[in-house]
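# Architecture and fold: a report
Now for the letters of each chain:
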Amino acid sequence: LGFGTSLVAFTATLVPVAMVLLAVWWLDRYTPQPRMSLVYAFAWGAIGSVLLTLFFGTFFDAWISPEDETQLIDSFLGAVVQAPVVEEAMKSAGLLGLLIWGRRYISGPLDGVVYAALIAGGFAFTENILYFAQSFHQAQAAGEVAGFWQTFFLRGILSPFAHVSFTALCGLGLGIAAERRSLMLYFGLGVGGLSLGMVLHALWNGSTFFIPVDPEAPLAGFLRYYASVQVPIFVLLVGIVLFLRLREKRILRRQLSEYGRAGWFSPDEVAMLISMRRRRRAEAWAARHGAVARMGMRHLIRSAVALGMERHSVLFGRTTARTRARERELLEDITADRRLIGALTAPVVRA
């Protein structure tokens, strides 16, 4: 479609993807995940899942579509059957890759939602570039830009979290199963979340085939449907995510307090570790003693957070040699970070 059209589409796509990344950052900052796994999730969505969707989508479309179908039936089957099934399956394959890579990456419901949101955000990023480029190309050919702005409004402003909402249900199911360490739940909740995501995806795509269109106000019918159906679904999912965020804070307070009673943390340290504001203050205090001290404080906070969440997950299953080794590793990291921070912040000569 040309460099100029592609550049316009890429620039327009930055708006919805920035919304998604900002939301993911807010969700992830309390119990942060490793950066490489986050990069993997976005790259899988933007590249891997898109390529697999293009590959398998062609065969799936040929399988479900009769040879003598009309163009309308072909469009309906592609939007309501092929797209939800293939796209959600390929995006969710990235979550399975994380589970195979290491269970520590998805150890709870919120972890699953964070990775699912990144995968879906990456998929929507690439998909929006294609849609915006085609729409802008058609607008140039027609000599007007109204069609492009309508596409941008619908995909970039009204529905930046559409794909996120669909895939997050599978991530939520896999996260609950990972927390319980149950193979049966992995299958049951994973397939259940994936299926529900496919249904919501089909509902979103299929709405355009049933909503009456008023020539004088083409978007009026869709906006009524959007406000009465999609907004309540989105608000419900946001409520679930906020509940999971508050739940993680309660879990962290309870588990780190247990370690505190065992002598690993003082009450003030526990209060610091469960508060985002106090974490920032601790990092700012360490930063006054140099970048290395600040890095040590940040690593100590992350290790303590991982320790608390790992302990919570272990309580649902039996303790194994791997979980004991992981706990010992995190406690050793915390001890090393304490020594580093103490060596850098304590005066060499007492006043």
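Residues numbered from 1 in each chain as written. Predicted model: local features only at pLDDT ≥ 70, side-chain atom pairs only at ≥ 80, totals over all residues. Heavy atoms only, no water.

### Regarding the environment of V80
Keep this limit in mind: Only DSSP runs of H or I reaching four residues or more are called helices, and only runs of E reaching two or more are called strands; each is numbered from the N terminus. For every residue, the accessible area (1.4 Å probe, protein chains only) is compared with the maximum for its type, and the residue is labelled buried under 20%, exposed over 50%, or partly exposed between those bounds. Any two residues having at least one pair of non-hydrogen atoms within 4.5 Å are treated as being in contact.
By secondary structure assignment, the location of V80 is in helix 3 (residues 71–101). Residue classification places V80 among the buried positions, given a relative accessible area of 18%. Here V80 is in contact with A202, G206 and F209, once residues within four sequence places are set aside.

### Details of the nonpolar core
Cut-off, in case you're wondering: Put simply, buried Ala, Val, Leu, Ile, Met, Phe, Trp, Tyr and Cys residues joined by side-chain atoms within 4.5 Å make one nonpolar core.
If you look at the biggest cluster of nonpolar residues, it comprises 29 residues, and the most contacted ones within it are V24, L95, I106, V113 and Y115. Sorting the residues of this core by element identifies helix 1 (3–28), helix 2 (35–64), helix 3, helix 4 (109–142), helix 6 (162–180), helix 7 (183–210) and helix 8 (220–261) as the ones contributing at least two each. For this core, the element with the most residues is helix 4, which contributes nine residues. Every residue in contact with I106, bar those within four places of it in the chain, is listed here: L95, L98, L99, D111, G112, Y115, L174, G175 and A178. Formed by 25 residues, the second largest nonpolar core is a distinct cluster that contains F265, A282, V305 and L330.

### Here we look at the side chain of E283
Tracing the backbone through its elements, the reader meets E283 in helix 10 (residues 276–287). When its relative accessible area of 15% is taken as the criterion, E283 is described as buried. Leave out the neighbours within four places in its chain, and E283 touches R294, M297, R298 and I301.

### Examining the pattern of salt bridges
So the rule is basically this: Whenever a carboxyl oxygen of Asp or Glu lies within 4 Å of a side-chain nitrogen of Lys or Arg, that contact is scored as a salt bridge.
The full count for this structure, using the stated rule, is nine salt bridges. Between R298 and E283 there is a salt bridge; the shortest N-O distance is 3.1 Å. In this pair, R298 is assigned in helix 11 (residues 291–314) and E283 in helix 10, connecting sequence segments 15 residues apart. R298 sits in the partly exposed class, given a relative accessible area of 28%. For the salt bridge of R326 with E329, the shortest nitrogen-to-oxygen distance reads 3.6 Å. You can see R326 and its partner E329 sitting in helix 12 (residues 321–345), three residues apart, about one turn around the helix. Classification of E329 as partly exposed rests on a relative accessible area of 35%. Here the salt bridges share partners, and the residues they tie into one network are E179, R180 and R247.

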